[in-house]
Amino acid sequence: MNKYLLIPIAMLAMLLFASCSSTSEITNHYQSDTIENTKRVGIVSEMLEEARQYYVLALKKQELNSTKETVENYEAALRIINNLSYYPGIDDNAAYVELENSIIDDYKNFIDGLSELPESISFAAYEEWMKASVPELMLTNNDFEKTERVVIPADIPLELNSYVEQWLSYFTGKGSTAMRRWLERSGKYFPMMTKVFEEVGAPKQLVYLSMMESGLNPTARSWASAVGLWQFIKSTGKLYGLETGFYFDERRDPVKSTYAAARHLKDLYTNLGDWYLALAAYNCGEGRVTRALRKSKDNTFWSVRPHLPKETRNYVPIYIAVSMIAMEPEKYGFTDISYQKPYEYDVYTVDGAIDLQFLSTCANTELQVLQEMNPELTQLSTPSNFQGGYPLKIPKGSLSSFVSKMQNIPESARRTYLVHTVKKGETVTKIANRYGISKLDLADANNITVKSKLYSGVKLKIPVLTSLNVNDFSDNTDTQIAQDLNSQNPNEDYISPYANLNGNNKFVSSNETQGIL
């Protein structure tokens, strides 16, 4: 395959560029743009190479007809690509863009050929498979006018017609497993969502849109880099107040993103005057719907439908089918649904970057639970410099104990690190001894094992005391103070690429890859 050749060439060029850069000394002063950019290139190169390895392995497993392993490796590659998306300037990185497109294109083609899906597949992959599973119904306007059409009264009247019927058949048949899972998750999010939509003044029925948008998975990410329960792209999310940074992505915040979605949908309705057209615009953009309106004989969705992109032509029928089932699940065969319950929580303001594993211990809960309660966090720590402190959600009833334990935060829980550039021949043990830390602490900080092979030029984060005197290592030119990649401020934390690198990382697997099946 050409991709076997093209991607290594792109990666080699990038790695050569990175290797030509010099390593900065430890400093508390601002780094030059040249040094900053060189450091970032090295991190990105390392993570891209890891993603490429998973991708190549996926292609090999695909040739061997091992569906489960193929999916696992494609998903592992995409986890790294998704994590890289939070690095500043990444969209201008040609190697990143090429690798991302190659992985997605090949994964799409693979998914389209499957008759069944393995468990824990990402929502984006499921959505691709769903679209390929239901052939598009093609009716002329005259044929459509002759078909039976029933309007079901609701906040937004639901029109049952041939287009909708084929999706009702899908979700009560081949897609019933996914629909049941979405109904179960609705118990966790719909109580909050209905209150938000009511407060904003939009029809509460629109909460069902989140089921088809994300499978009610707050960390879901589409092929087009839309994120969260409501699948906002960065630009639209920002218009509605959703900020995205290295440490957090508010598109993944259930409450904030729901407010944004309600306001966005309401604005679209105000501009277009029809809820079906507003839904179509939510999917493909208001501009496309406006242009389609100019080509249609009237301003109804069904008249505009032939002039819209294929995905949008099916979007409203899917919404209607999903809404009908969610409003009366037993009528469509969905009985004994185990509805999930919303998390009950208290909020504690955390100052600075504190390790989530430590915070989960303080809250007497599992790390995964704390992550699920705070899905907007993209790293294994709270943000390093969040204005006013970060409002962390913790299980209801644990606040008193949490406050007590937070009075004495061990230095090991504070996310302050040195960054060591590996030299030829160095091992985990040698580096740990050099900095006076245990090899287990070093391995844990970088999500590797004590026996992991280290490669020259790779950067490792070295957990140190926050009271560290940086001059202690001033003669080591292969060491530098850790920095936040989103900032030019050298006093903020830098997160090692190993933090979210490996497929068996609990943080990655429990958060980013929450499947729909």
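The rules behind these values
- Residues numbered from 1 in each chain as written.
- Predicted model: local features only at pLDDT ≥ 70, side-chain atom pairs only at ≥ 80, totals over all residues.
- Heavy atoms only, no water.
- Salt bridge = Lys/Arg side-chain N within 4 Å of Asp/Glu carboxyl O.
- Helix = DSSP H or I, 4+ residues; strand = E, 2+ residues; numbered from the N terminus.
- Buried < 20%, exposed > 50% of the residue type's maximum accessible area, 1.4 Å probe, protein only.
- Expected span 1.5 Å × (residues − 1).
- Axes fitted to C-alpha atoms, helices over the stretch in contact; angles between N-to-C directions.
- Parallel < 35°, antiparallel > 145°, perpendicular 65-115°, else oblique.
- Left-handed = near helix turned anticlockwise from the far one by under 90°.
- Contact = heavy atoms within 4.5 Å.
- Nonpolar A, V, L, I, M, F, W, Y, C, P; charged D, E, K, R; others polar.
- Phe/Tyr/Trp six-rings, centres within 6.5 Å; stacked < 30°, edge-to-face > 60°.
- Lys NZ or Arg CZ within 6 Å of the ring centre and 35° of its normal.

**Q** In this structure, what is going on with the pattern of salt bridges? I would like to understand it.
**A** One pass over the structure, following the stated rule, counts ten salt bridges. Two residues, Arg 305 and Glu 136, come together in a salt bridge whose shortest N-O distance is 3.8 Å. Placement of Arg 305 in the loop between α14 (301–304) and α15 (310–327) and of Glu 136 in the loop between α5 (123–133) and α6 (141–146) is noted, with a sequence separation of 169 residues between them. Its relative accessible area of 4% is what places Arg 305 among the buried residues. The salt bridge involving Asp 249 is made with Arg 251; its shortest N-O contact spans 2.8 Å. In this structure Arg 251 comes out as buried when scored by relative accessible area, which is 1%. Among the ionic contacts, a cluster of salt bridges with common partners joins Glu 136, Arg 305 and Arg 313.

**Q** Honestly, helix α3 (residues 67–84) in this entry has me stumped. Any pointers?
**A** Note on helix geometry: an α-helix contains 3.6 residues per turn, so any two residues three or four positions apart are oriented the same way. For α3, with 18 residues, the first-to-last C-alpha span of 26 Å sits near the 26 Å given by 1.5 Å per residue. Within α3, 14 of the 18 residues are buried, which leaves the element mostly enclosed by the surrounding structure.

**Q** I tried to follow the packing of helix α11 (residues 254–272) against helix α12 (residues 275–284) on my own but got confused; where do I start?
**A** Axis angle and axis distance: for two packed helices, these are the angle between their axes and the distance between the axes, and together they describe the pair. Where α11 meets α12, the closest approach of the two axes is 8 Å, and the angle between their N-to-C directions is 125 degrees. By the angle between their axes, α11 is oblique relative to α12. For the pair α11 and α12, the crossing hand works out as right-handed. Within the contact between the two elements, α11 uses Ala 261, His 264, Leu 265, Lys 266, Leu 268, Tyr 269 and Leu 272 and α12 uses Trp 275, Leu 277, Ala 278, Leu 279, Ala 281 and Tyr 282. For the contact of α11 with α12, the residue count by class is eleven nonpolar, one polar and one charged.

**Q** Is there a simple way to think about the packing of aromatic side chains in this case?
**A** The geometry of an aromatic ring pair is captured by the separation of the ring centres together with the interplanar angle, meaning the angle of the planes. Per the counting criterion, the structure on display carries 23 aromatic pairs. Aromatic pair Phe 248 and Phe 386: ring centres 5.3 Å apart, planes at 75 degrees, arrangement edge-to-face. Note that Phe 248 is positioned in the loop between α10 (234–239) and α11 and Phe 386 in the loop between α17 (367–373) and β4 (390–395), a separation of 138 residues in sequence. Ring centres of Phe 248 and Tyr 390 lie 6.3 Å apart, and the angle between their planes is 45 degrees; this geometry places the pair in the tilted category. One end of the pair, Phe 248, is in the loop between α10 and α11; the other, Tyr 390, is in strand β4, with 142 residues separating them in the sequence. Of the aromatic side chains, those joined through ring pairs into one cluster are Phe 123, Tyr 126, Trp 129, Trp 167, Tyr 170, Phe 171 and Trp 182. A cation sits over an aromatic face here: Arg 305 above Tyr 163, 3.8 Å from the ring centre. Sitting above the plane of the Tyr 345 ring, Lys 393 keeps its charged end 5.7 Å from the centroid.

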